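Take a look at the letters that make up each chain.
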Amino acid sequence: VPDQELSGKASRPTGGQAPASKPAPSAAAPAAPGDKPGRPPAPDTVTLTIDGRSVTVPKGTLVVEAAKLVNIEVPVFCYHHKLDPVGACRLCLVEISPGPPKPTTACTTPAADGMVVRTNSPLAVESRADILEYELVNHPLDCPICDKGGECPLQDYTFRHGYPTSRIDAPRLHFRKPIPLSENIALDRERCVLCYRCTRYYDEIAWSQELTTDRRGIHSFITSQFEEPLQSIFSGNIIDLCPVGALTSRVWRFESRPWDMDPTPSVCSRCSVGCNVTLWQRRHELVRVTSRENDDIDEGWICDRGRFEYTDVNSPVRIRTPRVGGAPSTWDSALETLLEGIKGRKLGIFLPQDVTNEELYLLRRLVDGPWKGGRVAIEGRTALPAPTGETLTIKDLDGCKAIVVIASDTAEDVPIVNLRVKKAASKLGAKLIVVHPDELDLDRRQETHHVTVAPGKAADAVRRLAGHELLREGPVGILYGDGRGTEDVDELGKAVADLAETVGARVMPLYRATNERGALAVGLDGRLEDLEGCDAVILWRAGRAPSTARFVAAWDSLPRPEQERADVVLPSATFAETQGSYTNLDGRVQFAHPVLRATLPLRESWEVLSEIGQRLGVEGMDYLGVFQIQREASGLVEAFAALADPPSGDPAPTPVMHGPARP
Amino acid sequence: MTGERSVNLRGSYGPARDHLLTGLFGTEGLHKLSVYKENGGFSSLRKAIFDMTPDEIAAEVKTSGLRGRGGAGFPTGTKWGFIPKNVPGPKYVVVNGDEAEPGTTKDRYIMENSPHMLLEGIMIACFAIGAHQAWIYLRGEYDGPFRMLTAAIAELREDGLLGDRPFDRDYPLDIGIYRGHGAYICGEETALLESLEGHRPQPRARPPFPAVKGAWGRPTLINNVETLSTVPWIVKHGGAEYAKFGKGTAKGTRLVSVSGNVQNPGVYEIEIGISFRDVIMGLAGGPPPGRQVKAFWPGGCSAPVLPGDWGLDVSTDLDEVARAGSMAGSGGIIVMDDTHCMVKAARRLLQFYAGESCGKCTPCRVGGDWALRTYDRVLAGQGSEVELGIFDSIQESLQNGRCLCALGDSAGFVIASTMKHYRSEYEEHCIEHRCSVEDEVVAASA
């Protein structure tokens with residue numbers, strides 16, 4: 001076990017890593033208003049007029065995006081700012097001059113200098129209303145029971161752009177429904193408007209051709225390939241993409257009406273990427289998780305782990321009462337038993353991977369003080385050492401001309417980084433080299449150069465990459481993992497550093513645990529096996545008591561077999577009840593907000609830790625709130641500098657991504 | 001019709017040695033390379049390769065005034081000029097042989113009679129734009145043409161005209177055949193490319209145009225079978241000679257396939273500019289005795305219908321047909337006599353367009369089917385003024401660039417043109433629930 005000493009104020013436990021303090025993406029938005037993904041705007045700009053309003057945009061900006069900037073809604077179904085335009089739904093028809101006197105799709109037309117766009121001419125208005133009428137010819141209009149009802153672009157556009165009366169009295173087409181596309185997603189083909197966002201997402205973004213269209217004409221429908229269940233870990237994003245209620249979450253299906261839920265902007269706690277999410281609460285239950293676009297991190301995508309694995313929070317068997325010796329008890333006696341039990345013993349603490357920076361800071365204080373010598377391990381920790389110097393960030397991948405992914409199945413380890421690598425390769429033209437024993441999903445693209453290595457031998461292969469023809473043009477980004485423990489990380493780290501030196505690359509170590517970098521920053525970075533030999537352990541939603549343990553405390557949210565040996569059981573808050581921050585693999589500190597309130601006997605973890613500190617007589621552990629901890633930690637831990645300035649109010653959440661929806 | 005000509009031309013059915021395109025048709029064994037060569041075949045290609053530069057070939061084609069025979073009538077020379085020069089990487093020539101337009105059989109006529117003439121035209125086009133590979137996208141049902149073209153290509157490969165060194169020049173050439181699987185939409189050039197690449201045949205949004213980004217993202221020249229089959233003649237005799245035929249901006253001769261209520265249906269080579277009366281009443285022998293031409297589709301059923309009374313006097317000149325409110329299109333002339341109900345005819349055509357809609361864009365996918373169901377209701381005697389309004393708005397929302405490709409426009413043309421010229425029949429069906437044409441009262445109800 002390394003010496004885990006936090007030496008007072010001069011704390012630089014991780015070396016000089018830069019605090020993540022880039023401006024929020026929304027602040028930087030006007031520079032590149034949603035230009036086609038994959039095409040950075042040319043330096044020069046063009047000025048056009050839309051409904052009499054002049055707007056200057058970067059060259060290459062699509063008319064539909066330019067209109068957004070002057071608050072003009074051009075309705076869209078098939079267009080999505082992260083997907084290549086197709087011009088299929090024809091809902092964005094506008095009149096453009098100079099040009100032939102006919103309506104043109106705003107989603108496929110780049111803005112040009114002197115262009116005059118009319119979205120409100122009689123022809124344009126009628127063209128769009130006609131499309132909306134068409135969309136409703138066979139639509140089941142089951143809005144009263146539709147999960148999308150209330151946040152549905154088809155409803156909103158029909159209201160704002162459609163005809164006020166209906167001429168449709170013919171029988172509607174019917175499909176078998178709902179179709180379970182997977183365990184998590186249901187497809188309603190009658191509601192589908194065939195915008196192909198889902199199939200295009202699967203092709204363009206996820207590189208996993210599991211979704212397609214079958215039949216033709218009016219009988220066209222979306223289907224999974226060979227009607228097999230969707231396998232991709234990125235499948236849930238099609239629910240957010242769907243502009244109608246055709247793709248719905250089976251986890252949330254018929255759970256609540258959209259307007260009946262309260263959204264809370266937060267950060268996903270499932271891995272080190274730190275995707276921004278919106279957590280939706282109804283009647284004190286977490287009922288839905290959706291993406292919240294942040295172009296620095298996730299670009300609006302989240303993985304299925306983050307989207308669907310939240311139901312434990314609402315579990316009826318949640319532990320909510322402390323127990324001592326198997327019997328219900330109070331916090332007072334439970335904490336007393338705990339402190340009594342570990343007194344004089346060799347203490348080991350297992351941390352959950354989503355322990356917050358604030359909780360880590362408090363633990364660090366305890367380990368520096370009364371629990372000196374205690375060992376701390378974080379669940380899911382890779383073997384990777386703390387970063388030295390500045391690391392490559394997720395956003396930097398966009399600028400890379402070549403990317404090397406070493407010893408990591410990124411789809412499994414850091415899913416949304418995997419999508420960013422795919423984007424760099426397929427949309428931005430980066431060369432891609434994968435060094436891994438197995439065929440990975442990054443190899444689905446023919447152009448990917450795969451280097452097969454025996455497990456544990458990645459370092460040799462990395463050394464041979466120096467001078468590789470695909471790495472001649474920079475900037476080069478190197479992503480490396482620990483091969484899930486199979487690689488000798490010292491040797492691999494050295495080989496990676498040498499390669500980076502040779503080709504002038506920057507490196508992104510692929511930490512896995514949600515707050516692994518936070519733990520590294522305060523030096524609480526042991527691994528589970530480090531706790532062998534401890535005779536008193538605290539199992540905080542993680543770990544297993546070693547055989548040597550004579551005192552076991554479980555601090556958990558759900559019953560687990562490990563608790564049978566526990567002398568004391570404390571109820572633990574989950575990510576949904578936690579206020580605090582995580583440090584993602586970029587080193588960026590992001591703030592999670594509790595969507596559910598921790599009400600007694602459930603207590604927030606920082607509060608419990610601070611009470612333990614007070615009971616042990618640690619000076620200044622009587623924090624009044626998490627902000628106080630944040631302010632203190634920001635001054636002491638360089639990596640936590642961003643804690644000094646928590647966002648005063650997060651940007652309004654965007655519950656479901658769709659096109660411009662401003663009237 | 002203008003100037004001195006090297007050949008004398010009449011409308012024809014069957015062999016007539018004077019014709020530009022079909023002159024050799026009917027020659028015993030013309031589909032064989034040896035016979036084709038004996039009759040002057042591949043001399044144009046030899047001339048193109050040895051005596052002309054690619055730019056000169058393209059210039060001749062431009063001078064000829066040849067306009068695409070697939071339906072849109074785009075000037076062929078201009079299209080060739082769109083192919084970027086001096087770009088690294090491959091370019092392709094893709095031949096649109098997906099002749100699926102109802103009433104059109106001219107490409108099949110060419111391929112079955114003189115496959116080598118088409119292949120020669122393709123090879124000249126390859127040389128002119130700097131392509132080494134051509135693909136013939138062939139309608140799946142065309143089994144005969146497929147076997148003849150396959151055999152012809154095998155002969156060329158054996159002869160060395162296709163291969164690494166045709167005419168011993170370092171200019172590798174190859175032609176492949178890709179068979180469609182029975183979708184009308186594959187005749188649309190971008191859907192054709194999608195299909196050729198192995199994807200679902202659905203049109204792409206343009207720009208980029210295929211000339212810049214076509215098959216597999218490369219510059220691609222897409223021409224119709226008849227268009228390319230005309231090229232050898234133009235190269236041999238010169239563009240100016242070709243331009244002596246025809247009328248206005250529509251030069252040369254073209255094949256028309258006449259079908260429907262005529263006594264002599266078939267494919268005829270005509271000089272552009274003769275009237276539809278000459279074609280329908282003259283060459284094709286007119287309708288059966290005692291009947292009148294009620295209506296005809298001048299360029300496949302995708303062209304708006306023209307009424308028989310004044311339409312017959314319209315010239316086959318592309319511009320004049322356009323002025324008459326229709327299109328010369330693919331040259332498939334469908335004739336309907338006065339025993340037929342126009343609403344029923346329109347319904348049958350809508351059935352085709354609704355069934356062949358690829359489903360990609362909303363107006364065509366939904367509009368076609370909705371129109372079809374509305375026709376069914378009207379023909380079942382359940383129509384009303386509402387249905388007239390539905391027809392009106394559907395035809396409008398299918399046309400004028402509101403759909404992704406021209407298939408939707410075509411469906412719109414059917415409704416629009418039949419309503420324009422035969423509105424009384426529509427009103428009779430919708431309001432009175434009867435059909436005076438077929439002299440029967442549609443079951444009244446509603």
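Residues numbered from 1 in each chain as written. Chains lettered and ligands numbered in written order. Predicted model: local features only at pLDDT ≥ 70, side-chain atom pairs only at ≥ 80, totals over all residues. Heavy atoms only, no water.

## Structural notes on the overall build of chain B
So, step 1. For chain B, the helix and strand inventory stands at 18 helices and eleven strands.
So, step 2. Computed over the C-alpha atoms, the radius of gyration of chain B is 22 Å, within 12% of the 22 Å expected from 2.2 N^0.38 for a compact globule of 446 residues.
So, step 3. Burial status across chain B gives 60% buried among its 446 residues.
So, step 4. Entry remark: accessible area of chain B is about 16,200 Å², with carbon and sulfur atoms responsible for 52%.
So, step 5. Computed over 46 positive and 54 negative side-chain charges, the separation of the two mean positions in chain B equals 4 Å. (Helix = DSSP H or I, 4+ residues; strand = E, 2+ residues; numbered from the N terminus. Rg over C-alpha atoms; globule rule 2.2 N^0.38 Å. Buried < 20%, exposed > 50% of the residue type's maximum accessible area, 1.4 Å probe, protein only. Areas by Shrake-Rupley, 256 points an atom, 1.4 Å probe, with all protein chains shown as cover. Lys, Arg positive; Asp, Glu negative; His and termini not counted. Charge placed at Lys NZ, Arg CZ, Asp CG, Glu CD.)

## Notes on the environment of Asn418 of chain A
Residue and element names in this part refer to chain A.
So, step 1. With respect to the secondary-structure elements, Asn418 resides in helix 11 (residues 415–426).
So, step 2. The buried category is assigned to Asn418, whose relative accessible area is 0%.
So, step 3. Distance in space between the C-alpha atoms of Asn418 and Ile394 is 9.8 Å, their sequence separation being 24 residues.
So, step 4. Sequence-distant contacts of Asn418, that is, excluding residues within four places in its chain, are made with Phe234, Thr410, Ala411, Asp441 and Leu442.
So, step 5. Separated by 3.1 Å, the side chains of Asn418 and Asp441 make a polar contact. (Contact = heavy atoms within 4.5 Å. Polar contact = N/O pair within 3.5 Å; in protein donor to acceptor, adjacent residues only side chain to side chain.)

## Examining the sheet that holds strand 3 (residues 93–97) of chain A
Residue and element names in this part refer to chain A.
So, step 1. Strand order across the open sheet formed by five strands is 2-1-5-3-4, with mixed pairing between neighbours. Looking at the sheet topology across the chains shown, the edges are occupied by strand 2 (53–58) and strand 4 (103–105). Sheet twist, expressed as the average angle between the axes of neighbouring strands with direction ignored, equals 40 degrees.
So, step 2. Across three bridges, the pairing between strand 3 and strand 5 (residues 116–118) is antiparallel. When the sheet's bridge partners are listed, Ile96 is paired in strand 5 with Val117. (Pairing = 2+ DSSP bridges. Axes fitted to C-alpha atoms, helices over the stretch in contact; angles between N-to-C directions.)

## A closer look at the packing of aromatic side chains
So, step 1. Tallying each qualifying case throughout the model produces 23 aromatic pairs over all chains.
So, step 2. The interplanar angle of 35 degrees and the centroid separation of 4.4 Å between the aromatic rings of Tyr375 of chain B and Phe391 of chain B together place this pair among those described as tilted. Linking Tyr375 of chain B in helix 15 (residues 362–382) with Phe391 of chain B in helix 16 (residues 385–398), this pair joins segments that are 16 residues apart in sequence. Like Tyr375 of chain B, the residue Phe391 of chain B is buried in the burial classification.
So, step 3. Put simply, the rings of Tyr201, Tyr202 and Trp301 of chain A pair up and form one aromatic cluster.
So, step 4. Here Arg179 of chain B stacks its cationic end above the ring of Phe146 of chain B, 4.1 Å away from the centre of that ring. (Phe/Tyr/Trp six-rings, centres within 6.5 Å; stacked < 30°, edge-to-face > 60°. Lys NZ or Arg CZ within 6 Å of the ring centre and 35° of its normal.)

## Quick word on the interface of chain A and chain B
So, step 1. The partner chain B presents 33 residues to the 38 residues of chain A that form the contact.
So, step 2. Carbon and sulfur atoms make up 49% of the area that chain A and chain B hide from each other, which totals about 2,800 Å².
So, step 3. Its largest share of buried area at the contact with chain B, chain A owes to Tyr134, Arg167 and Arg216 of chain A, together 27% of the area lost on that side.
So, step 4. Remark: the boundary between chain A and chain B carries four salt bridges.
So, step 5. A salt bridge links Arg216 of chain A to Glu356 of chain B; the shortest N-O distance between them is 3.2 Å. (Buried area = accessible area lost by both parts, 1.4 Å probe. Salt bridge = Lys/Arg side-chain N within 4 Å of Asp/Glu carboxyl O.)

## Topic: the pattern of salt bridges
All names here are of chain A.
So, step 1. Under the defined criterion, the tally for this structure stands at 79 salt bridges over all chains.
So, step 2. When the shortest N-O distance is used, the salt bridge between Glu190 and Lys177 registers 3.1 Å. Taken as a pair, Glu190 in the loop between strand 7 (185–187) and helix 5 (197–204) and Lys177 in the loop between helix 4 (153–161) and strand 6 (179–180) lie far apart in primary sequence, 13 residues in all.
So, step 3. For Glu190, a relative accessible area of 10% corresponds to the buried category.
So, step 4. The partner of Asp354 in a salt bridge is Arg541, with the nearest N and O atoms 3.3 Å apart. Separated by 187 residues along the polypeptide, Asp354 in the loop between strand 16 (347–351) and helix 9 (357–368) and Arg541 in the loop between strand 23 (536–540) and strand 24 (551–556) bring together distant segments of the chain.
So, step 5. Residue Asp354 is classed as buried on the basis of its relative accessible area of 10%.
So, step 6. For Arg541, a relative accessible area of 18% corresponds to the buried category.
So, step 7. One salt-bridge network, held together by shared partners, links Lys82, Glu293, Asp295, Glu299, Asp398, Arg420 and Lys423.

## Some thoughts on the pairing of strand 21 (residues 476–480) of chain A
Residue and element names in this part refer to chain A.
So, step 1. Most of strand 21 is tucked away: five of the five residues are buried.
So, step 2. Here five bridges tie strand 18 (residues 402–406) to strand 21, and the two strands are oriented parallel to one another. Its bridge partner being in strand 21, Ile406 is matched across the sheet by Tyr480.
So, step 3. Bridge count for strand 21 against strand 22 (residues 505–509) is five bridges, and the pairing is parallel.

## Here we look at the confidence of the model for chain B
All names here are of chain B.
So, step 1. For chain B, the mean per-residue pLDDT works out to 92, and 94% of the residues sit at or above 70.
So, step 2. Across residues 440–446 the pLDDT falls below 50, and counting only partners more than four positions away or on other chains, this stretch makes 17 contacts in the model.
So, step 3. With a pTM of 0.91, the predicted complex shows an ipTM of 0.92. (pLDDT = per-residue confidence, 0-100.)

## Details of the sheet that holds strand 14 (residues 323–324) of chain A
Residue and element names in this part refer to chain A.
So, step 1. With mixed pairing, the seven strands of this open sheet are ordered in space as 15-14-25-24-23-16-17. Edge strands, defined here as strands with exactly one partner in the open sheet, are strand 15 (327–328) and strand 17 (375–378).
So, step 2. Taken together, the four bridges between strand 24 and strand 25 (residues 568–571) define a ladder with parallel strand orientation. Bridge pairing in strand 25 links Ala554 to Val569.
So, step 3. Packing of helix 9 onto the sheet brings it into contact with strand 16, strand 17 and strand 23, and relative to strand 16 it is tilted by some 175 degrees.

## Section: the environment of Arg377 of chain B
So, step 1. With respect to the helices and strands, Arg377 of chain B occurs in helix 15.
So, step 2. Judged by its relative accessible area of 14%, Arg377 of chain B is buried.
So, step 3. Considering only alpha carbons, one finds Arg377 of chain B and Glu387 of chain B, ten residues apart in sequence, at a separation of 8.6 Å.
So, step 4. Residue contacts for Arg377 of chain B: discarding those within four places in its chain leaves Asp169 and Ala170 of chain A together with Gln382, Gly383, Glu387 and Ile390 of chain B.

## Description of the nonpolar core
So, step 1. If you look at the biggest cluster of nonpolar residues, it comprises 201 residues, and the most contacted ones within it are Tyr201 and Ile406 of chain A.
So, step 2. Here the element with the most residues in this core is helix 14 (residues 342–356) of chain B; it accounts for nine residues.
So, step 3. Sequence-distant contacts of Ile406 of chain A, that is, excluding residues within four places in its chain, are made with Val435, Ala458, Val462, Ile478, Leu479, Tyr480, Gly481, Leu492 and Val496 of chain A. (Core = buried A, V, L, I, M, F, W, Y, C linked by side-chain atoms within 4.5 Å.)

## As for helix 18 (residues 423–432) of chain B
So, step 1. Of all the residues in helix 18 of chain B, the buried ones are Glu425, Tyr426, Glu428, His429 and Cys430 of chain B.
So, step 2. Against strand 9 (293–297), helix 14, helix 15, helix 16 and helix 17 (406–421) of chain B lie the buried residues of helix 18 of chain B.

## Concerning helix 14 of chain B
A turn of α-helix holds 3.6 residues, and therefore any two residues three or four places apart point the same way.
All names here are of chain B.
So, step 1. Helix length check: helix 14 (15 residues) gives 21 Å between terminal C-alpha atoms against 21 Å at 1.5 Å per residue, within 8%.
So, step 2. Counted residue by residue, helix 14 has eleven buried out of 15 residues, so it is predominantly covered.
So, step 3. Of all the positions in helix 14, only Met342, Val343, Ala345, Ala346, Arg347, Leu349, Leu350, Phe352, Tyr353, Ala354 and Glu356 are classed as buried.
So, step 4. Where helix 14 is buried, its residues meet strand 9, strand 11 (332–337), helix 15, helix 17 and helix 18. (Expected span 1.5 Å × (residues − 1).)

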